[in-house]
Amino acid sequence: MLEHTFIHLPNFGPWRERRLWMNGITTWDDFLEHYGSSQFHKMFCTKLASSKNALHLGDAEYFANNLPSGESWRAFPHFNKVAYLDIETTGLGSATDYITVIGVYDGEKVYSYIHGQNLDDFVMDIQKYDAVVTFNGAFFDLPFIRKSFTGVSLPKLHVDLRFALASLNVTGGLKKIETKFGFEREDDLKGLNGYDAVRMWQSYLKTKDKTVLDRLVRYNAADISNLKKLMEWTYTEKRLQTGFDELVKLK
DNA sequence: ATGGAACAAGTAACCAAGGT
DNA sequence: ACCTTGGTTACTTGTTCCAT
């Protein structure tokens, strides 16, 4: 979707972008060809040349900086190193709360980082990724991570599904949305919520029972693997919402 | 060329919202 | 308890484009 995107140009909103599409200018190359010699459009052409270069180099940060934050979903299929991320903590963020588990799903495998074991490995490992996908991560997970690991560098490109889904009129918490989509969880994970994750950790600390910790880690893993399916659905719906495919098909 | 209507984008202030 | 974004509203600025 990026090479059809013009909304990152200054003074360009959805309406101007749509007008370009209607006039048959559907790609950056179309624009450069059509306006390349125009003095008036020089600024725009320079910007689009940078965009082409950034896409070629796989520079996800460029698009994170230039796309309006509600439009970062457009970059999603262009980068394959995507971290679906979710954390469990001892609470909602009072001074003494800390992270118990971080789960990262790369689309194939789940990596679990556990307090007291390998939690710190997260700081190095997360640098491999171009983008991060969360549910409500802009509020909760990412600030909590930044507070816990000062100076950690997280991928700049971020799709927060809570907001993306809300703009598609899908609202409510993650569990409610999963039910709406018919996603199933393992039997012993059904009905668990974030507060249960707090209690499982406390129980693990008290009893040192590995099966309790294992259940907490699997609960976390279930959250992130569902994020991928939601992201893919969100991408197709958001793309449909722009009207791009419909407009281009008419040509 | 110029004025101005119509609409888009930008800005600022405020509020609502889900997660562990 | 705590976080940060998007939606809403009301307003200002900017752009397009038609009538003159």
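Note that the coordinates shown come from a computational prediction; the quantities given were computed from them, not determined experimentally.

Let us look at the sheet that holds strand β2 (residues 99-105). Strand order in this open sheet of five strands is β3-β2-β1-β4-β5, and the pairing throughout is mixed. The open sheet has two edge strands, β3 (110-114) and β5 (157-160), and neither has a second partner. Neighbouring strand axes in the sheet, compared pairwise and without regard to direction, differ in orientation by 25° on average. Examined bridge by bridge, β2 and β3 share five bridges and lie antiparallel to one another. By the bridge assignment for β3, V104 is matched with Y111. Sheet contacts for helix α10 (residues 210-242): β1 (82-89), β2, β3, β4 (131-134) and β5; angle to β1, the most-contacted strand, approximately 140°.

Moving on, we get to the protein's contact with DNA strand B. Neighbouring residues of DNA strand B: 23 residues in total, closest T89, G91, L92, F139 and L174. One of the backbone N or O atoms of W15 is found 3.4 Å from a phosphate oxygen in DNA strand B. Here a phosphate oxygen of DNA strand B and a side-chain polar atom of D86 are 3.2 Å apart. Of all the secondary structure elements, the ones that give two or more residues to the surface near DNA strand B are α1 (14-22), β1, α9 (194-207) and α10.

The rules behind each value
Residues numbered from 1 in each chain as written. Chains lettered and ligands numbered in written order. Predicted model: local features only at pLDDT ≥ 70, side-chain atom pairs only at ≥ 80, totals over all residues. Heavy atoms only, no water. Pairing = 2+ DSSP bridges. Helix = DSSP H or I, 4+ residues; strand = E, 2+ residues; numbered from the N terminus. Axes fitted to C-alpha atoms, helices over the stretch in contact; angles between N-to-C directions. Contact = heavy atoms within 4.5 Å. Near = heavy atom within 4 Å. Polar contact = N/O pair within 3.5 Å; in protein donor to acceptor, adjacent residues only side chain to side chain.

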